[in-house]
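A look at the structure
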Amino acid sequence: MALLIKNGEIVTAEARYFADIYVEDETITRIGKNLEVPAGSEVIDATDKLIFPGFIDPHVHIYLPFMATFAKDTHATASKAALIGGTTTFIEMCCPSRNDDALAGYKLWKQKAEGTSACDYAFHMAVTKFVAETEAQLREIVADGTTSFKIFLSYKNFFGVEDGELYQTLALAKELGVITTAHCENAELVSRLQAKLLAEGKTGAEWHEPSRPETVEAEGTTRFATFLETTGAEGYVVHLSCKPALDAARRAKMRGVKISVESVLPHFLLDKTLAEQPGVDGMKYIMSPPLRNKRNHDDLWAALSAGTIDTVGTDHCPFDLEQKELGAQKFTEIPNGLPGLEERVQLMWTHGVCTGRVDIPRVVDAMSTKAARLFGLYPRKGLIAAGSDADLVIFDPKWKGTLSVKTQHTNNNYNGFEGWPVEGRASVVTVRGKVQVRDGEFVGDPQRGRFLKRGTR
Ligand code: URP
Ligand code: ZN
Ligand code: ZN
């Protein structure tokens with residue numbers, strides 16, 4: 001059915017203006033003042049609402065075998081949670097381990113998502129080893145429309161690659177016109193520090209951050225930038241957490257390295273004292289890079305406002321309390337990750353926009369448009385314009401509520417932001433012209449989501 005959205009204020013990364021939006025089938029076909037209502041159209045009144053391009057989360061984990069267990073969400077649960085939070089597209093990390101075959105892994109991840117996602121999705125293909133068949137497999141995966149790679153410089157012997165493999169991946173990425181995303185921590189230093197701390201009897205969650213200090217992340221970021229500079233490849237640092245790593249990325253940007261930076265809500269809002277709480281309360285907050293000293297927050301917000309931090313994702317990775325307890329005896333065995341896909345937009349609105357730290361167009365850019373541009377989805381996604389997919393978030397900035405495990409849709413038994421007051425909510429969300437969310441409830445087609453084939457540079 002055609003859709004006419006009337007009386008709202010359209011906000012993109014470049015402009016704010018009042019206009020009506022007309023949608024036919026899956027696409028925006030007209031934008032203008034006082035558009036007439038063609039017979040048979042559904043009309044949505046967006047008076048006092050802002051209309052954003054559908055938000056894009058460039059970094060989520062849904063199917064993830066990791067640390068002796070599996071992340072909790074399915075594509076069905078995560079995609080509904082995403083939509084309720086205003087995210088209409090996510091890019092999932094496809095992460096076969098070093099022991100797995102990459103192409104078989106890619107097919108498995110695609111199969112898990114196929115027909116089970118309510119929102120659109122794409123993948124970053126993790127390169128967790130570079131062996132004889134890797135190049136041919138990656139060419140096949142890129143030809144299938146998955147045009148971004150993921151590299152882990154951490155998680156030695158599981159996802160992590162050696163420098164030679166990093167070089168080979170980047171050289172191929174450069175040739176294919178593919179961007180490479182990277183988790184930047186020095187695996188060797190992390191494993192030495194973990195062993196040292198455990199040998200000293202320091203086994204609790206509070207030792208996770210000291211086992212991967214800021215310097216270890218700065219080294220990873222610097223090394224990744226150096227490899228990008230040497231190969232001429234384009235790169236993207238995921239979930240950057242602290243000023244020393246930010247400085248490394250900033251220096252690389254200033255000397256012309258093709259590097260972009262993502263950070264995630266926990267690194268703007270939470271700090272390492274949470275992981276220092278006793279028992280499972282601390283374990284809930286174990287992620288990598290770890291939550292840092294609070295002094296980093298102002299630098300991250302300033303860098304986001306200035307555009308040095310290009311995008312804000314979530315690194316959504318839910319493990320429940322029972323799974324976190326797997327590391328009760330050793331912090332190195334606590335499954336790493338925090339959920340956040342559902343809360344990202346509300347947290348950014350409340351703590352970025354309402355506090356005046358970031359202006360609204362920059363938020364739209366960081367949470368939608370820039371990700372679309374970097375990952376080959378623009379102008380289909382990330383934009384409100386005739387010809388773009390009708391992925392729209394009609395946002396009520398006056399709504400007030402509280403985050404809680406009791407009301408969340410993410411499949412997990414805790415919320416890392418439990419009890420936090422939030423402002424603003426996606427009141428209507430469309431995916432390619434179909435209303436999927438109304439007033440905080442999923443009302444749409446659970447199989448609406450499509451795999452997004454993307455092009456190369
Ligand atoms: O702690 C995290 N970030 N867990 C998910 C895996 C990763 O490193 O992205
Ligand atoms: Zn990571
Ligand atoms: Zn991740």
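These numbers come from a predicted model, not from an experiment. (Residues numbered from 1 in each chain as written. Chains lettered and ligands numbered in written order. Predicted model: local features only at pLDDT ≥ 70, side-chain atom pairs only at ≥ 80, totals over all residues.)

1. Some points on the pairing of strand E19 (residues 421–431)
What counts, and what does not: Here a residue counts as buried when 20 or more other C-beta atoms sit within 10 Å of its C-beta, as exposed when there are 12 or fewer, and as partly exposed otherwise, the C-beta atoms being derived from the backbone. Secondary structure elements follow DSSP: runs of H or I no shorter than four residues count as helices, runs of E no shorter than two count as strands, and numbering proceeds from the N terminus. What makes two strands pair is DSSP finding at least two bridges between them.
In terms of burial, E19 is a largely internal element, eight of the 11 residues being buried. Inspection of the sheet shows strand E18 (residues 392–402) paired to E19 by eight bridges, in the antiparallel sense. Looking across to E19, one finds that Thr-402 is bridged to Pro-421. In this structure, E19 lies alongside strand E20 (residues 434–438), joined through four bridges in antiparallel fashion.

2. Observations concerning the packing of helix H13 (residues 344–353) against helix H14 (residues 360–374)
Spelled out, the test is: To define axes, lines are fitted to C-alpha atoms, for helices over the stretch in contact only, and angles between the resulting N-to-C directions are given on a 0 to 180 degree scale. When the near helix sits turned anticlockwise from the far one by under a right angle, the crossing is termed left-handed; a clockwise turn instead gives a right-handed crossing. By the convention adopted here, residues are in contact when the distance between their C-beta atoms, placed from the backbone, does not exceed 7 Å.
Where H13 contacts H14, the two axes come as close as 11 Å, and the packing angle between them is 145°. The chirality of how H13 crosses H14 is right-handed. Seen from H13, the contacting residues are Val-345, Met-348, Gly-352 and Val-353; seen from H14, they are Ile-360, Val-363 and Met-367.

3. Considerations on helix H3 (residues 134–143)
Given 3.6 residues to a turn, an α-helix orients residues that are three or four positions apart in the same direction. Quick reminder of the rule: Here the arc refers to the set of directions running from the helix axis out to each C-beta atom.
Turning to H3, its buried residues are Leu-138, Ile-141 and Val-142. In an axial view of H3, the angular spread of the buried residues amounts to 100°, which keeps them on one side of the axis. Set apart from the buried face of H3 by more than 90 degrees, the exposed residues are Ala-136 and Ala-143. Check the buried side of H3 and you find it contacts helix H2 (102–113), strand E12 (120–126) and helix H4 (163–176).

4. Examining the site of ligand 1
Basically, it comes down to this: Each residue receives a C-beta atom built from its backbone; the residue is near a molecule or strand if that atom lies within 6 Å of it. Under the scheme applied, nonpolar residues are Ala, Val, Leu, Ile, Met, Phe, Trp, Tyr, Cys and Pro; charged residues are Asp, Glu, Lys and Arg; polar residues are all the others, including Gly.
Neighbouring residues of ligand 1: His-61, His-183, His-239, Met-287, Ser-288, Asp-315, Cys-317, Asn-336 and Gly-337. Of the residues in the shell around ligand 1, the class split is two nonpolar, six polar and one charged.

5. Section: the sheet that holds strand E16 (residues 259–264)
The eight strands lie next to each other as E8-E11-E12-E13-E14-E15-E16-E17, forming an open sheet whose pairing is parallel. The two strands at the open ends of the sheet, each matched to only one other strand, are strand E8 (55–60) and strand E17 (311–313). Ignoring strand direction, the axes of neighbouring strands in this sheet form an average angle of 30°. As defined by bridge partners, E16 adjoins E17 across three bridges and the pair is classed as parallel. Residue pairing across strands places Ser-263 opposite Val-312, the latter belonging to E17. Sitting on the sheet, helix H1 (residues 75–84) touches E8 and strand E11 (87–94), and the angle it makes with E11 is about 140°. Sitting on the sheet, H14 is in contact with E8, strand E14 (179–183), strand E15 (234–237), E16 and E17, with an inclination near 70° to E8.

6. A short note on the domain arrangement of the protein chain
Threshold: What fixes the domain bounds is an automatic or database domain assignment.
You can read the domains of the protein chain as domain 1 (3–52 + 388–400 + 422–442) and domain 2 (55–374). Counting residues at the interface gives 19 residues for domain 1, matched by 23 residues for domain 2. Those elements that provide at least two residues to the side of domain 1 that touches domain 2 are E18, E19 and E20. With seven residues, E19 is the single largest residue contributor to the side of domain 1 that touches domain 2.

7. Quick look at the packing of H4 against helix H7 (residues 214–231)
Using the following cut-off: In what follows, roughly perpendicular refers to angles from 65 to 115 degrees, roughly parallel to angles under 35, roughly antiparallel to angles over 145, and oblique to any angle outside these ranges.
At a minimum axis distance of 10 Å, the contact between H4 and H7 shows a crossing angle of 45°. By the angle between their axes, H4 is oblique relative to H7. The way H4 lies across H7 gives a crossing that is right-handed. Here H4 contributes Leu-166, Tyr-167, Leu-170, Ala-171 and Lys-174 to the contact with H7, which in turn contributes Phe-227, Leu-228 and Thr-231. In terms of residue class, the contact of H4 with H7 is made up of six nonpolar, one polar and one charged.

8. Let's talk about the environment of Arg-98
Residue placement: Arg-98 occurs in the loop between E11 and H2. For the pair Arg-98 and Thr-128, spaced 30 residues apart in sequence, the C-alpha separation works out to 5.2 Å.

9. A closer look at the pairing of E14
Note the threshold: Crossover handedness is defined by viewing with both strands directed away from the observer: a clockwise path from the first strand over the helix to the second marks the crossover as right-handed.
Most of E14 sits out of view: five of its five residues are buried. Residues Ile-179, Thr-181 and His-183 of E14 are buried on one face, and the alternating residues Thr-180 and Ala-182, pointing to the opposite face, are buried as well. Of the strand pairs in this sheet, strand E13 (residues 148–152) and E14 are connected by five bridges, and their pairing is parallel. Along E14, the bridge assignment pairs Lys-150 with Thr-181. You can see the chain leave E13, run along H4 and come back into E14, and the turn it takes is right-handed. When E14 meets E15, the two strands line up parallel, connected through four bridges.

10. Considerations on the sheet that holds E19
Reading across the sheet, the seven strands line up as E3-E2-E7-E18-E19-E20-E21 and stay open at both edges, with mixed pairing between neighbours. Each edge of the open sheet is held by one strand with a lone partner, namely strand E3 (16–18) and strand E21 (441–442). One ladder, built from four bridges, connects strand E7 (residues 50–53) with E18; its direction is antiparallel. Paired with Leu-50 across the strands is Phe-395, a residue of E18. Contacting strand E2 (9–11) and E7, H14 runs over the sheet at an angle of about 35° to E7.

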